[in-house]
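Topology and contacts: notes
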Amino acid sequence: STRLHIVGWSLGGMVAQELGLMLMDRGIPPTSLALACTHSGGWRLLPPLSSFPILLKVAMSLSTEARIESVLPLHHTDDFLNQAPPDTPDTAQLHLEAEESQRSSAA
C-alpha cells in the first residue's frame, strides 16, 4: 500500500493541515503529518488591535535595522528587551581566529 507523509513549514504548514483534513474526508488518511513553524490560521490568531500601531511602524520602516527594532516588542517583553546583552564573543572575531588557527596548522 502507498504511504503518504505530509510536511509543512510556515504557510506550507497551514496548507498541509488543510490537505490532511481533505484527504481524511476522502478516506485517504496520511501516514504522518509533520508541521514546523506554523499555526492553524483563522481569525482567532489575528494580533490584538493594540499591536496594530506597532505593525504599521514595522511596515513603514525604511531600513532592516529599523524594522527589526520595531518588531521586537511584538515578540518579547519590555523586561527582556531592557536586559543587558549576554557577554558573547564577536562572531567575526571567532571566524578570524579559526582561520588563523587553520593557517598555523597548515604551516
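Our structure's up above, just so we're on the same page.
As a convention, each chain's residues are numbered from 1 in the sequence order in which they are written. The predicted origin of the model limits local features to residues at a pLDDT of at least 70 and limits the giving and counting of side-chain atom pairs to 80 or more, whereas totals for whole chains, interfaces and linings rest on all residues. Where side-chain values are given, they derive from all heavy atoms of the structure, hydrogens and water being excluded.

Thoughts on the pattern of salt bridges
Salt bridges are identified by distance alone: a Lys or Arg side-chain nitrogen within 4 Å of an Asp or Glu carboxyl oxygen. In this structure the tally under the stated criterion is two salt bridges. Of the charged contacts in the structure, one is a salt bridge between glutamate 99 and arginine 103, with a shortest N-O distance of 3.5 Å. Within this pair, glutamate 99 and its partner arginine 103 are both found in helix H5 (residues 91-106), separated by four residues, close to a single helical turn. The cut-offs for exposure are 20% and 50% of the maximum accessible area for each residue type, with area from a 1.4 Å probe on protein chains only; residues under the lower value are buried, those over the upper are exposed, and the others partly exposed. Arginine 103 sits in the exposed class, given a relative accessible area of 52%. Of the charged contacts in the structure, one is a salt bridge between glutamate 100 and arginine 103, with a shortest N-O distance of 3.2 Å. On the criterion of helical spacing, the pair formed by glutamate 100 and arginine 103 is a turn pair, its members being three residues apart in helix H5. When salt bridges that share partners are traced, they join Glu99, Glu100 and Arg103 into one network. Working definition: helices are DSSP H or I runs of at least four residues, strands are E runs of at least two. Numbering for both runs from the N terminus.

Examining the pairing of strand E1 (residues 5-9)
Side chains Ile6 and Gly8 of E1 all project onto a buried face; the interleaved residues His5, Val7 and Trp9 project onto a face where none is buried. Strands pair, by our definition, only if DSSP identifies at least two bridges between them. Alignment of E1 against strand E2 (residues 32-36), held across five bridges, turns out to be parallel. Residue pairing across strands places isoleucine 6 opposite leucine 33, the latter belonging to E2. With helix H1 (residues 11-25) bridging E1 and its parallel neighbour E2, the resulting β-α-β unit is right-handed. Seen with its strands pointing away from the viewer, a crossover is right-handed when the path leading from the first strand over the helix to the second is clockwise.

What about the side chain of serine 70?
In this fold, serine 70 is placed in helix H3 (residues 64-75). Classification of serine 70 by relative accessible area gives buried; the value is 6%. The contact rule is simple, with two residues in contact once any of their heavy atoms fall within 4.5 Å. Excluding its chain neighbours within four sequence positions, the residues that come into contact with serine 70 are Ile54, Lys57, Val58 and Ser61.

Some thoughts on the packing of helix H2 (residues 52-60) against H3
With axes taken as lines fitted to C-alpha atoms, and helix axes fitted only over the stretch in contact, angles between N-to-C directions fall between 0 and 180 degrees. It is at 8 Å that the axes of H2 and H3 come closest, and there the two elements cross at 160°. One way to sum up the angle between H2 and H3 is to call them roughly antiparallel. At the point where H2 passes H3, the crossing takes the left-handed sense. Of the residues in H3, those touching H2 at Ile54, Leu55, Lys57 and Val58 are Arg67, Ser70, Val71, Pro73 and Leu74. All residues other than Ala, Val, Leu, Ile, Met, Phe, Trp, Tyr, Cys, Pro, Asp, Glu, Lys and Arg, Gly among them, are scored as polar; the first ten of these are nonpolar and the last four charged. Grouping the constituent residues of the contact of H2 with H3 by class yields six nonpolar, one polar and two charged. An angle below 35 degrees is read as roughly parallel, one above 145 as roughly antiparallel, one from 65 to 115 as roughly perpendicular, and any other as oblique. A crossing counts as left-handed when the near helix is turned anticlockwise from the far one by less than a right angle, and as right-handed when that turn is clockwise.

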